[in-house]
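Fold and contact review
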Amino acid sequence: YRPRHTLAPRRAATAIGVTHTAASVGIGSCQTFSVCRSRPCSHGGGPSSNAEDNCNIHVTYVVRDGSEVHVKGREGQNLLELAHEHGVDLEGACECSIACSTCHVYVNDEYYDLIPEPCEDEEDMLDMAFALRDTSRLGCCIELTSELDGITVRALMSVS
């Protein structure tokens, strides 16, 4: 996890869709955040009739036992809801309200700088998270874009 003052400049958060503003949901200074909105992708026998349901962004989760789970998501979906949709063990105690760090993941280096900077609320939660790394983020705050096709994230390893 990189402290705020050492964050490398990144593209503006316009690469993701703004779901709500801080004023509309009362979450302090965070300008954008993800809301879990379970809407599973269509995995039936034919193409989806709804363009929004096209799952064309490949995501790999490295789970606690070290195995990889390969899934497909759609643009605008966050990594936490995608994990839950596919049965990947990634906790989300606060239901995407950026009030905990249970969906803490490590993002692979090549994709880390493609993700918009964390908002202040996400940084605050990461400051309290266990086992921070330079590439730590909250899964609920990473919304999929076409640029993130192929991203790999590692779930926080179990502590014995």
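Now for a look at the structure at hand. (Residues numbered from 1 in each chain as written. Predicted model: local features only at pLDDT ≥ 70, side-chain atom pairs only at ≥ 80, totals over all residues. Heavy atoms only, no water.)

1. Section: the overall build of the chain
For the chain, the helix and strand inventory stands at four helices and five strands. Of the regular secondary structure in the chain, the N- to C-terminal order runs α-β-β-α-β-α-α-β-β. Classification of the 160 residues of the chain by burial places 45% in the buried group. Residue pairs at least 24 apart in sequence account for 64% of intrachain contacts in the chain once pairs closer than 6 positions are excluded. Within the structure as shown, the chain displays about 8,100 Å² of accessible surface, and the carbon and sulfur contribution to it stands at 50%. (Helix = DSSP H or I, 4+ residues; strand = E, 2+ residues; numbered from the N terminus. Buried < 20%, exposed > 50% of the residue type's maximum accessible area, 1.4 Å probe, protein only. Contact = heavy atoms within 4.5 Å. Areas by Shrake-Rupley, 256 points an atom, 1.4 Å probe, with all protein chains shown as cover.)

2. Regarding the environment of Glu143
The residue Glu143 is located in the loop between strand E4 (136–138) and strand E5 (151–155) in this model. On the basis of relative accessibility, which here comes to 5%, the residue Glu143 falls in the buried class. It is 8.3 Å that separates the C-alpha atoms of Glu143 and Ile115, two residues lying 28 residues apart in sequence.

3. Description of the packing of aromatic side chains
For the structure shown, the criterion picks out zero aromatic pairs. Sitting over the face of the ring of Tyr106, Arg133 holds its NZ or CZ atom 3.9 Å from the ring centroid. (Phe/Tyr/Trp six-rings, centres within 6.5 Å; stacked < 30°, edge-to-face > 60°. Lys NZ or Arg CZ within 6 Å of the ring centre and 35° of its normal.)

4. Comments concerning the pairing of strand E2 (residues 68–73)
Relative to E2, strand E1 (residues 57–62) runs antiparallel, the two sharing six bridges. Within E2, the residue paired with His58 across the bridge is Lys72. From the end of E1 to the start of E2, which pair antiparallel, there are five residues, and Gly66 there has a positive phi angle of about 90 degrees. (Pairing = 2+ DSSP bridges.)

5. A short note on the pairing of E1
For E1, the buried fraction is high: five of the six residues fall into the buried class. Two strands pair when backbone bridges link them, and E1 and E5 are joined in this way by four bridges, in the parallel orientation. In the strand pairing of E5, Val59 is matched with Ile151.

6. Observations regarding the environment of Ala155
By the element assignment, Ala155 lies in strand E5. The buried category is assigned to Ala155, whose relative accessible area is 8%. Sequence separation of Ala155 and Tyr106 is 49 residues, and the distance between their C-alpha atoms is 6.6 Å. Not counting residues within four places of it along the chain, the set of residues in contact with Ala155 comprises Val62, Val63, Arg64, Asp89, Leu90 and Val105.

7. Focus on the sheet that holds E1
With respect to topology, five strands assemble into an open sheet ordered E2-E1-E5-E3-E4, the strand pairing being mixed. With one partner strand each, in any of the chains shown, E2 and E4 form the two edges of the open sheet. Here the strands of the sheet are splayed against their neighbours by 35 degrees on average, with no regard to which way each runs. Where helix H4 (residues 120–127) meets the sheet, it contacts strand E3 (104–107) and E4, and its direction lies at approximately 120 degrees from that of E4. (Axes fitted to C-alpha atoms, helices over the stretch in contact; angles between N-to-C directions.)

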